[in-house]
Amino acid sequence: MKLFTKALRTAAAAAVLAGSTSAAFAQDVTLKLHQFLPAQANVPRLILDVWADKVEAESEGRIKIERYPSMQLGGKPPHLIGQLEDGIADIVWTVAGYTPGRFPQGEAFELPFMMTNAEAASRAYYEYAEANMMNKEYAPFKVIGLWVHGPGLIHSKKPITAPADLNGVKLRAPTRVTNKFFTELGATPVGMPVPAVPEALSKGVIDATVIPWEVTGALKVPELVGNHTEFGDASLYTTTFIFAMNRDKYEAMPDDLKAIIDANSGADVSAWAGKLMQASDAPARAKAVENGNTIHTLTPEQVQVWRDAAASQEADWVAEMNGKGYDGQALLDQAKALTAKYTK
(Lines give C-alpha, C1' and ligand atoms only; values in the text may rest on other atoms or scores of the structure.)
Protein backbone atom coordinates (compact mmCIF):
# COMPACT_ATOMS: atom_id res chain seq x y z
CA MET A 1 0.00 0.00 0.00
CA LYS A 2 1.46 3.32 -1.02
CA LEU A 3 1.84 5.56 2.01
CA PHE A 4 0.38 9.04 1.96
CA THR A 5 3.81 10.55 2.56
CA LYS A 6 5.22 8.86 -0.55
CA ALA A 7 2.22 10.00 -2.59
CA LEU A 8 2.88 13.60 -1.61
CA ARG A 9 6.13 13.55 -3.58
CA THR A 10 4.18 13.01 -6.78
CA ALA A 11 1.68 15.82 -6.20
CA ALA A 12 3.80 18.47 -7.93
CA ALA A 13 4.18 16.32 -11.03
CA ALA A 14 0.46 15.63 -11.03
CA ALA A 15 -0.22 19.35 -10.83
CA VAL A 16 1.83 19.93 -14.00
CA LEU A 17 -0.10 17.19 -15.76
CA ALA A 18 -3.36 18.72 -14.57
CA GLY A 19 -2.45 21.97 -16.26
CA SER A 20 -2.44 20.30 -19.65
CA THR A 21 -5.55 18.17 -19.18
CA SER A 22 -7.97 19.95 -16.85
CA ALA A 23 -9.32 22.13 -19.64
CA ALA A 24 -10.97 19.04 -21.08
CA PHE A 25 -13.15 18.60 -17.99
CA ALA A 26 -15.85 20.65 -16.40
CA GLN A 27 -15.06 21.65 -12.82
CA ASP A 28 -17.28 19.06 -11.22
CA VAL A 29 -17.06 19.85 -7.52
CA THR A 30 -16.18 22.88 -5.40
CA LEU A 31 -15.58 22.23 -1.72
CA LYS A 32 -15.38 24.88 1.02
CA LEU A 33 -12.76 24.04 3.66
CA HIS A 34 -13.31 25.97 6.90
CA GLN A 35 -11.04 26.11 9.95
CA PHE A 36 -10.10 28.37 12.83
CA LEU A 37 -6.38 29.20 12.45
CA PRO A 38 -4.74 31.86 10.27
CA ALA A 39 -3.64 30.64 6.85
CA GLN A 40 0.05 31.02 7.75
CA ALA A 41 -0.17 28.80 10.86
CA ASN A 42 1.50 25.40 10.69
CA VAL A 43 -1.54 23.17 10.31
CA PRO A 44 -3.15 25.09 7.42
CA ARG A 45 0.19 25.68 5.69
CA LEU A 46 1.82 22.28 6.15
CA ILE A 47 -1.16 19.92 6.34
CA LEU A 48 -4.50 21.26 5.12
CA ASP A 49 -3.17 23.12 2.09
CA VAL A 50 -0.87 20.26 1.12
CA TRP A 51 -3.78 17.83 1.38
CA ALA A 52 -6.08 20.11 -0.65
CA ASP A 53 -3.45 20.71 -3.33
CA LYS A 54 -2.92 16.98 -3.68
CA VAL A 55 -6.64 16.26 -4.05
CA GLU A 56 -6.98 19.00 -6.65
CA ALA A 57 -3.99 17.68 -8.61
CA GLU A 58 -5.17 14.08 -8.56
CA SER A 59 -8.61 15.13 -9.77
CA GLU A 60 -7.00 17.01 -12.68
CA GLY A 61 -8.86 20.13 -11.65
CA ARG A 62 -12.29 18.54 -11.30
CA ILE A 63 -12.21 19.12 -7.55
CA LYS A 64 -11.64 22.69 -6.42
CA ILE A 65 -11.07 23.29 -2.72
CA GLU A 66 -11.68 26.83 -1.49
CA ARG A 67 -9.82 27.51 1.76
CA TYR A 68 -11.40 29.67 4.47
CA PRO A 69 -9.04 30.21 7.43
CA SER A 70 -9.75 32.09 10.66
CA MET A 71 -13.50 31.34 10.57
CA GLN A 72 -13.98 33.43 7.43
CA LEU A 73 -17.33 31.75 6.71
CA GLY A 74 -18.61 33.13 10.00
CA GLY A 75 -19.28 31.75 13.43
CA LYS A 76 -16.83 30.72 16.12
CA PRO A 77 -14.65 27.58 16.34
CA PRO A 78 -17.22 25.65 18.43
CA HIS A 79 -19.67 26.08 15.51
CA LEU A 80 -17.54 24.16 13.00
CA ILE A 81 -19.12 20.75 13.55
CA GLY A 82 -22.59 22.25 13.21
CA GLN A 83 -21.51 24.08 10.05
CA LEU A 84 -20.29 20.78 8.62
CA GLU A 85 -23.61 19.09 9.35
CA ASP A 86 -25.61 22.02 7.99
CA GLY A 87 -23.56 22.28 4.79
CA ILE A 88 -22.29 25.79 5.50
CA ALA A 89 -18.85 24.21 5.10
CA ASP A 90 -18.09 21.10 3.07
CA ILE A 91 -14.91 20.22 4.95
CA VAL A 92 -13.80 21.32 8.41
CA TRP A 93 -10.78 20.87 10.61
CA THR A 94 -11.57 21.34 14.29
CA VAL A 95 -10.77 20.39 17.87
CA ALA A 96 -13.07 17.60 19.04
CA GLY A 97 -13.27 19.25 22.46
CA TYR A 98 -14.75 22.45 21.05
CA THR A 99 -18.08 20.57 21.21
CA PRO A 100 -17.83 19.10 24.75
CA GLY A 101 -19.58 15.79 25.24
CA ARG A 102 -20.19 15.25 21.52
CA PHE A 103 -17.34 12.77 21.01
CA PRO A 104 -16.88 11.14 24.43
CA GLN A 105 -15.11 7.95 23.36
CA GLY A 106 -12.28 9.88 21.71
CA GLU A 107 -11.44 11.54 25.03
CA ALA A 108 -9.41 8.47 26.00
CA PHE A 109 -6.50 9.93 24.03
CA GLU A 110 -6.73 13.27 25.85
CA LEU A 111 -6.18 11.82 29.32
CA PRO A 112 -2.99 12.94 31.11
CA PHE A 113 0.21 11.20 30.04
CA MET A 114 -1.54 8.97 27.48
CA MET A 115 0.30 10.26 24.41
CA THR A 116 3.71 8.86 23.44
CA ASN A 117 4.34 10.60 20.13
CA ALA A 118 1.85 12.23 17.80
CA GLU A 119 2.40 9.90 14.84
CA ALA A 120 1.79 6.75 16.88
CA ALA A 121 -1.09 8.21 18.86
CA SER A 122 -2.76 9.52 15.70
CA ARG A 123 -2.61 6.14 13.99
CA ALA A 124 -3.93 4.56 17.19
CA TYR A 125 -6.73 7.14 17.43
CA TYR A 126 -7.88 6.44 13.88
CA GLU A 127 -7.90 2.66 14.37
CA TYR A 128 -9.71 3.10 17.69
CA ALA A 129 -12.30 5.29 15.96
CA GLU A 130 -12.80 2.68 13.25
CA ALA A 131 -13.64 0.16 15.97
CA ASN A 132 -15.79 2.39 18.15
CA MET A 133 -16.83 5.70 16.61
CA MET A 134 -17.25 5.66 12.83
CA ASN A 135 -20.76 4.21 13.09
CA LYS A 136 -21.62 6.30 16.15
CA GLU A 137 -20.22 9.76 16.95
CA TYR A 138 -18.60 10.20 13.52
CA ALA A 139 -21.39 8.62 11.47
CA PRO A 140 -22.81 11.97 10.24
CA PHE A 141 -19.52 12.80 8.47
CA LYS A 142 -17.07 11.41 5.98
CA VAL A 143 -13.97 11.30 8.19
CA ILE A 144 -10.80 12.25 6.34
CA GLY A 145 -8.36 12.15 9.22
CA LEU A 146 -8.15 12.04 13.00
CA TRP A 147 -4.98 13.06 14.78
CA VAL A 148 -3.37 14.58 17.86
CA HIS A 149 -0.65 17.17 18.37
CA GLY A 150 2.75 16.73 19.97
CA PRO A 151 3.44 16.90 23.70
CA GLY A 152 1.21 19.38 25.48
CA LEU A 153 2.88 21.72 27.93
CA ILE A 154 2.26 24.78 30.10
CA HIS A 155 3.06 28.35 29.05
CA SER A 156 2.75 30.80 31.92
CA LYS A 157 3.58 34.27 33.18
CA LYS A 158 4.98 32.89 36.45
CA PRO A 159 7.03 29.69 36.76
CA ILE A 160 5.03 26.49 37.19
CA THR A 161 7.02 23.38 38.05
CA ALA A 162 4.78 21.56 40.52
CA PRO A 163 1.01 21.00 40.66
CA ALA A 164 0.80 23.27 43.72
CA ASP A 165 2.01 26.16 41.56
CA LEU A 166 -1.34 26.05 39.75
CA ASN A 167 -3.30 27.18 42.79
CA GLY A 168 -5.35 30.20 41.74
CA VAL A 169 -3.84 30.36 38.24
CA LYS A 170 -6.31 31.38 35.54
CA LEU A 171 -5.55 28.87 32.82
CA ARG A 172 -6.91 28.15 29.35
CA ALA A 173 -7.16 24.45 28.52
CA PRO A 174 -8.58 22.99 25.29
CA THR A 175 -10.96 20.20 26.28
CA ARG A 176 -13.39 18.96 28.88
CA VAL A 177 -10.85 16.37 30.05
CA THR A 178 -8.02 18.87 30.48
CA ASN A 179 -10.28 21.43 32.15
CA LYS A 180 -11.35 18.82 34.70
CA PHE A 181 -7.75 17.83 35.36
CA PHE A 182 -6.49 21.36 35.92
CA THR A 183 -9.49 22.26 38.07
CA GLU A 184 -8.64 19.41 40.40
CA LEU A 185 -5.05 20.66 40.58
CA GLY A 186 -6.26 24.05 41.83
CA ALA A 187 -6.25 26.12 38.64
CA THR A 188 -9.19 28.19 37.47
CA PRO A 189 -9.90 27.08 33.90
CA VAL A 190 -11.13 29.72 31.48
CA GLY A 191 -12.71 28.21 28.38
CA MET A 192 -11.90 29.66 24.96
CA PRO A 193 -10.81 28.50 21.51
CA VAL A 194 -7.09 28.80 20.85
CA PRO A 195 -7.31 31.93 18.61
CA ALA A 196 -8.54 33.88 21.66
CA VAL A 197 -5.44 33.06 23.71
CA PRO A 198 -3.22 36.05 22.74
CA GLU A 199 -5.78 38.68 23.68
CA ALA A 200 -6.68 36.83 26.87
CA LEU A 201 -3.03 36.70 27.93
CA SER A 202 -2.38 40.33 27.06
CA LYS A 203 -5.44 41.54 28.99
CA GLY A 204 -4.84 39.32 32.02
CA VAL A 205 -7.97 37.26 31.48
CA ILE A 206 -5.68 34.23 31.82
CA ASP A 207 -2.26 33.75 33.42
CA ALA A 208 -1.32 30.61 31.53
CA THR A 209 -2.32 28.33 28.70
CA VAL A 210 -1.69 24.73 27.72
CA ILE A 211 -0.93 24.25 24.03
CA PRO A 212 1.78 22.45 22.05
CA TRP A 213 4.88 24.32 20.96
CA GLU A 214 3.91 24.29 17.27
CA VAL A 215 1.11 26.86 17.57
CA THR A 216 2.92 29.24 19.92
CA GLY A 217 4.55 31.12 17.06
CA ALA A 218 1.31 31.91 15.26
CA LEU A 219 -0.21 33.07 18.56
CA LYS A 220 2.91 35.01 19.63
CA VAL A 221 2.78 33.28 23.01
CA PRO A 222 6.53 33.67 23.77
CA GLU A 223 6.02 37.44 23.60
CA LEU A 224 3.19 37.26 26.14
CA VAL A 225 4.60 34.85 28.73
CA GLY A 226 8.10 34.24 30.05
CA ASN A 227 7.89 30.64 31.22
CA HIS A 228 7.29 27.27 29.62
CA THR A 229 7.05 23.95 31.46
CA GLU A 230 8.13 20.78 29.65
CA PHE A 231 7.65 17.25 30.96
CA GLY A 232 10.77 15.56 29.70
CA ASP A 233 9.98 12.59 27.49
CA ALA A 234 6.38 12.57 28.70
CA SER A 235 3.36 14.47 27.41
CA LEU A 236 1.18 16.14 29.99
CA TYR A 237 -1.78 15.87 27.61
CA THR A 238 -2.73 16.07 23.95
CA THR A 239 -5.78 17.20 21.96
CA THR A 240 -7.79 15.24 19.40
CA PHE A 241 -8.59 16.81 16.03
CA ILE A 242 -11.25 15.99 13.44
CA PHE A 243 -10.79 16.56 9.71
CA ALA A 244 -14.04 15.62 8.02
CA MET A 245 -16.34 16.19 5.04
CA ASN A 246 -20.09 16.73 4.84
CA ARG A 247 -21.62 13.30 4.24
CA ASP A 248 -24.23 14.44 1.71
CA LYS A 249 -21.65 16.39 -0.30
CA TYR A 250 -19.39 13.36 -0.40
CA GLU A 251 -22.17 10.97 -1.42
CA ALA A 252 -23.25 13.31 -4.24
CA MET A 253 -19.82 13.23 -5.86
CA PRO A 254 -19.11 11.01 -8.90
CA ASP A 255 -17.56 7.68 -7.92
CA ASP A 256 -14.18 8.53 -9.43
CA LEU A 257 -13.97 11.72 -7.38
CA LYS A 258 -15.12 9.96 -4.23
CA ALA A 259 -12.29 7.51 -4.85
CA ILE A 260 -9.79 10.40 -4.77
CA ILE A 261 -11.15 11.58 -1.41
CA ASP A 262 -11.03 7.99 -0.14
CA ALA A 263 -7.42 7.59 -1.26
CA ASN A 264 -6.54 10.72 0.70
CA SER A 265 -8.32 9.69 3.89
CA GLY A 266 -7.60 7.26 6.67
CA ALA A 267 -4.89 6.07 9.02
CA ASP A 268 -1.94 7.10 6.85
CA VAL A 269 -3.26 10.65 6.48
CA SER A 270 -3.88 10.80 10.24
CA ALA A 271 -0.38 9.58 11.14
CA TRP A 272 1.20 11.94 8.58
CA ALA A 273 -0.67 14.94 10.02
CA GLY A 274 0.19 14.07 13.61
CA LYS A 275 3.85 13.60 12.72
CA LEU A 276 3.98 16.96 10.95
CA MET A 277 2.37 18.75 13.88
CA GLN A 278 4.96 17.38 16.28
CA ALA A 279 7.80 18.14 13.83
CA SER A 280 6.70 21.79 13.99
CA ASP A 281 7.36 21.91 17.75
CA ALA A 282 11.14 22.33 17.56
CA PRO A 283 11.26 25.51 15.43
CA ALA A 284 8.65 27.16 17.65
CA ARG A 285 10.57 26.17 20.78
CA ALA A 286 13.73 27.64 19.32
CA LYS A 287 11.98 30.98 18.89
CA ALA A 288 11.03 31.01 22.57
CA VAL A 289 14.67 30.38 23.48
CA GLU A 290 15.74 33.15 21.12
CA ASN A 291 13.23 35.44 22.82
CA GLY A 292 14.98 34.86 26.16
CA ASN A 293 12.13 32.91 27.75
CA THR A 294 12.76 30.41 30.53
CA ILE A 295 12.05 26.77 29.72
CA HIS A 296 11.61 24.58 32.77
CA THR A 297 12.33 20.98 31.75
CA LEU A 298 11.15 18.80 34.62
CA THR A 299 13.21 15.92 35.94
CA PRO A 300 11.72 12.40 36.00
CA GLU A 301 11.14 12.84 39.72
CA GLN A 302 9.24 16.09 39.15
CA VAL A 303 7.21 14.51 36.36
CA GLN A 304 6.26 11.68 38.69
CA VAL A 305 4.68 14.21 41.04
CA TRP A 306 2.44 15.31 38.16
CA ARG A 307 1.70 11.69 37.26
CA ASP A 308 0.65 11.02 40.83
CA ALA A 309 -1.57 14.09 40.78
CA ALA A 310 -3.20 12.81 37.58
CA ALA A 311 -3.71 9.27 38.87
CA SER A 312 -7.44 9.64 39.50
CA GLN A 313 -8.25 10.97 36.03
CA GLU A 314 -8.39 7.62 34.27
CA ALA A 315 -10.68 6.03 36.86
CA ASP A 316 -12.95 9.06 36.80
CA TRP A 317 -13.18 8.92 33.00
CA VAL A 318 -13.93 5.20 33.05
CA ALA A 319 -16.76 5.84 35.51
CA GLU A 320 -18.13 8.64 33.32
CA MET A 321 -18.07 6.40 30.23
CA ASN A 322 -19.79 3.61 32.14
CA GLY A 323 -22.49 6.11 33.06
CA LYS A 324 -22.99 6.87 29.36
CA GLY A 325 -23.49 3.20 28.53
CA TYR A 326 -19.98 2.41 27.32
CA ASP A 327 -17.46 -0.05 28.74
CA GLY A 328 -15.05 2.62 29.93
CA GLN A 329 -12.27 0.29 31.05
CA ALA A 330 -12.35 -1.61 27.75
CA LEU A 331 -12.09 1.67 25.81
CA LEU A 332 -9.18 2.89 27.92
CA ASP A 333 -7.37 -0.44 27.62
CA GLN A 334 -7.87 -0.44 23.86
CA ALA A 335 -6.54 3.11 23.49
CA LYS A 336 -3.45 2.23 25.51
CA ALA A 337 -2.85 -1.01 23.62
CA LEU A 338 -3.14 0.66 20.21
CA THR A 339 -0.83 3.50 21.25
CA ALA A 340 1.74 0.99 22.47
CA LYS A 341 1.36 -1.01 19.25
CA TYR A 342 2.28 1.96 17.06
CA THR A 343 4.89 3.58 19.29
CA LYS A 344 8.36 2.97 17.92
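Heads up: the structure comes first, above all this text.
Everything quoted here is computed from the prediction, not taken from an experiment.

Draft legend 1. Spotlight on the nonpolar core. Counting 103 residues, the largest nonpolar core has Trp51, Tyr138, Phe182, Trp306 and Trp317 as the members making the most contacts within it. If we ignore the near neighbours within four places in the chain, the residues touching Tyr138 are Phe103, Tyr125, Ala129, Met133, Val143, Leu146 and Ile242. Counting residues in each nonpolar core, the second largest holds five residues, with Leu153, Ala284, Ala288 and Ile295 among its members.

Draft legend 2. Just the environment of Lys157, in detail. Tracing the backbone shows Lys157 in the loop between strand E5 (153-156) and strand E6 (170-172). The sequence separation of Lys157 and Pro198 amounts to 41 residues, and the corresponding C-alpha distance is 13 Å. When residues no more than four places from it in sequence are discounted, the contact partners of Lys157 are Leu201, Gly204, Ile206, Asp207, Leu224, Val225, Gly226 and Asn227.

Draft legend 3. Layout of the sheet that holds strand E9 (residues 227-230). If you trace the six strands from one edge of the open sheet to the other, you get E7-E6-E8-E5-E9-E11, paired in mixed fashion. Since the sheet does not close on itself, it has two edges, and those belong to strand E7 (188-189) and strand E11 (294-297), each with one partner. Pairing geometry for E9 and E11, over four bridges, is parallel. The residue of E11 that forms the bridge with Glu230 is Thr297.

Draft legend 4. Broad picture of the pattern of salt bridges. Taken as a whole and judged by the stated rule, the model has 21 salt bridges. Between Lys54 and Glu58 there is a salt bridge; the shortest N-O distance is 2.6 Å. Taken together, the residues Lys54 and Glu58, both in helix H3 (residues 42-58) and four residues apart, mark about one turn of the helix. Using a relative accessible area of 30% as the deciding quantity, one classes Glu58 as partly exposed. When the shortest N-O distance is used, the salt bridge between Arg176 and Glu107 registers 2.8 Å. Taken together, the residues span a long stretch of sequence, with Arg176 in helix H6 (residues 176-184) and Glu107 in the loop between strand E3 (91-95) and helix H5 (118-132) at a distance of 69 residues.

Draft legend 5. Structural context of the sheet that holds E3. Taken in spatial order, the five strands line up as E2-E1-E3-E10-E4 in an open sheet, and their pairing is mixed. Unpaired on one side and paired on the other, strand E2 (63-68) and strand E4 (141-148) mark the two borders of the sheet. Neighbour-to-neighbour, the strand axes of this sheet turn through a mean angle of 20 degrees, independent of strand direction. Bridge count for E3 against strand E10 (residues 240-246) is five bridges, and the pairing is antiparallel. The residue of E10 that forms the bridge with Val95 is Phe241. Here H3 sits on the sheet and contacts strand E1 (29-34), E2, E3, E4 and E10; the angle it forms with E2, its principal contact strand, is near 160 degrees.

Reading the values: rules and limits
Residues numbered from 1 in each chain as written. Predicted model: local features only at pLDDT ≥ 70, side-chain atom pairs only at ≥ 80, totals over all residues. Heavy atoms only, no water. Core = buried A, V, L, I, M, F, W, Y, C linked by side-chain atoms within 4.5 Å. Buried < 20%, exposed > 50% of the residue type's maximum accessible area, 1.4 Å probe, protein only. Contact = heavy atoms within 4.5 Å. Helix = DSSP H or I, 4+ residues; strand = E, 2+ residues; numbered from the N terminus. Pairing = 2+ DSSP bridges. Salt bridge = Lys/Arg side-chain N within 4 Å of Asp/Glu carboxyl O. Axes fitted to C-alpha atoms, helices over the stretch in contact; angles between N-to-C directions.

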